[in-house]
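Residue strings, one per chain:
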Amino acid sequence: MERQKEKAVLEAILFTMGESVEVERLASVIEEDKKTTRQLLLELKEEYEGKECGITLMELEDSFQMCTRAEMYEYLIKIAKTPRKYVLTDTLLETLSIVAYKQPITRAEIEKIRGVSCDHAVNRLVEFGLISEVGRMDAPGRPLLFGTTEEFLRSFGVKSLEELPELSAVQIEEFKIQAEQEANVQLDI
């Protein structure tokens with residue numbers, strides 16, 4: 001393998017791993033001895049330091065790790081403090097409202113209410129920090145139970161679940177009629 005390709009392989013490994021990797025492991029991947037591998041890593045480190053770039057290689061005992069340059073921390077802090085923006089689709093809102101009103105609830109129970117698979121919606125809501133695993137049901141298979149989080153309360157501007165709006169009997173009946181109509185339309189297709 002040519003020298004530039006070896007450095008590219010080392011760079012890719014260190015970037016992907018996100019943690020320190022022993023020189024010995026890196027050497028075995030590029031099929032070189034430890035001394036040559038260390039030299040390649042030091043050259044790569046020098047290249048990063050020689051140009052205006054945001055990353056560097058850090059040597060930790062007998063390992064190397066790709067890291068952000070210390071001068072970039074102030075910018076990282078700015079982006080880390082920026083609140084994440086997420087879009088709640090109708091599917092996500094529907095799933096979230098089921099969890100909010102019926103918690104703790106399992107995926108199977110959500111799917112029974114919605115009538116469709118909810119894996120993606122539940123995963124996205126967990127990723128957004130709006131719901132989380134709150135335990136396991138004492139039933140065969142011990143399915144996970146989900147509930148809303150403090151982030152949910154913050155995002156929707158409520159102090160507690162008791163502040164969520166209550167549905168009137170008329171609204172519940174309207175929702176049942178709409179659900180039946182949607183189910184009939186889907187059966188006709």
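So, the overall build of the protein chain
When helices and strands are counted, the protein chain shows nine helices and five strands. Computed over C-alpha atoms, the radius of gyration of the protein chain comes to 26 Å, more than 25% over the 16 Å expected from 2.2 N^0.38 for 189 residues, which places it beyond the range of a compact globule. Based on the C-alpha atoms only, the size of the protein chain along its principal axes is roughly 75 × 40 × 35 Å. Of all 189 residues assigned to the protein chain, the portion counted as buried reaches 26%. Taking the intrachain contacts of the protein chain between residues at least 6 apart in sequence as the baseline, contacts between residues at least 24 apart amount to 43%. Entry remark: accessible area of the protein chain is about 13300 Å², with carbon and sulfur atoms responsible for 53%. Distance from the positive charge centre (24 side chains) to the negative charge centre (37 side chains) of the protein chain: 3 Å.

Quick notes on the packing of aromatic side chains
Evaluated as defined, the whole model comprises one aromatic pair. Ring plane angle 40 degrees and centroid distance 5.0 Å describe the contact between F152 and F156, whose orientation is recorded as tilted. A residue pair is termed a helical-turn pair when its members lie 3 or 4 positions apart in one helix, as F152 and F156 do in helix α8 (residues 150-156) at four residues. Residue classification places F156 among the partly exposed residues on the basis of a relative accessible area of 39%.

Section: the pairing of strand β2 (residues 55-60)
Two strands pair when backbone bridges link them, and β2 and strand β3 (residues 63-68) are joined in this way by six bridges, in the antiparallel orientation. Looking at β3, one finds that E59 is bridged to F64. Hairpin connection of β2 to β3: two residues between the antiparallel strands, including E61 at a positive phi of 50 degrees.

Quick look at the packing of helix α1 (residues 3-17) against helix α2 (residues 23-30)
Interhelical geometry of α1 versus α2 gives an angle of 130 degrees and a closest axis separation of 10 Å. Judged by the inter-axis angle, α1 sits oblique to α2. In this structure, the crossing between α1 and α2 has a hand that is right-handed. Within the contact between the two elements, α1 uses E6, V9, L10, I13, L14 and M17 and α2 uses R25, L26, V29 and I30. Residue composition of the contact of α1 with α2, grouped by class: eight nonpolar, no polar and two charged.

Scoring rules and cut-offs
- Residues numbered from 1 in each chain as written.
- Predicted model: local features only at pLDDT ≥ 70, side-chain atom pairs only at ≥ 80, totals over all residues.
- Heavy atoms only, no water.
- Helix = DSSP H or I, 4+ residues; strand = E, 2+ residues; numbered from the N terminus.
- Rg over C-alpha atoms; globule rule 2.2 N^0.38 Å.
- Buried < 20%, exposed > 50% of the residue type's maximum accessible area, 1.4 Å probe, protein only.
- Contact = heavy atoms within 4.5 Å.
- Areas by Shrake-Rupley, 256 points an atom, 1.4 Å probe, with all protein chains shown as cover.
- Lys, Arg positive; Asp, Glu negative; His and termini not counted.
- Charge placed at Lys NZ, Arg CZ, Asp CG, Glu CD.
- Phe/Tyr/Trp six-rings, centres within 6.5 Å; stacked < 30°, edge-to-face > 60°.
- Pairing = 2+ DSSP bridges.
- Axes fitted to C-alpha atoms, helices over the stretch in contact; angles between N-to-C directions.
- Parallel < 35°, antiparallel > 145°, perpendicular 65-115°, else oblique.
- Left-handed = near helix turned anticlockwise from the far one by under 90°.
- Nonpolar A, V, L, I, M, F, W, Y, C, P; charged D, E, K, R; others polar.

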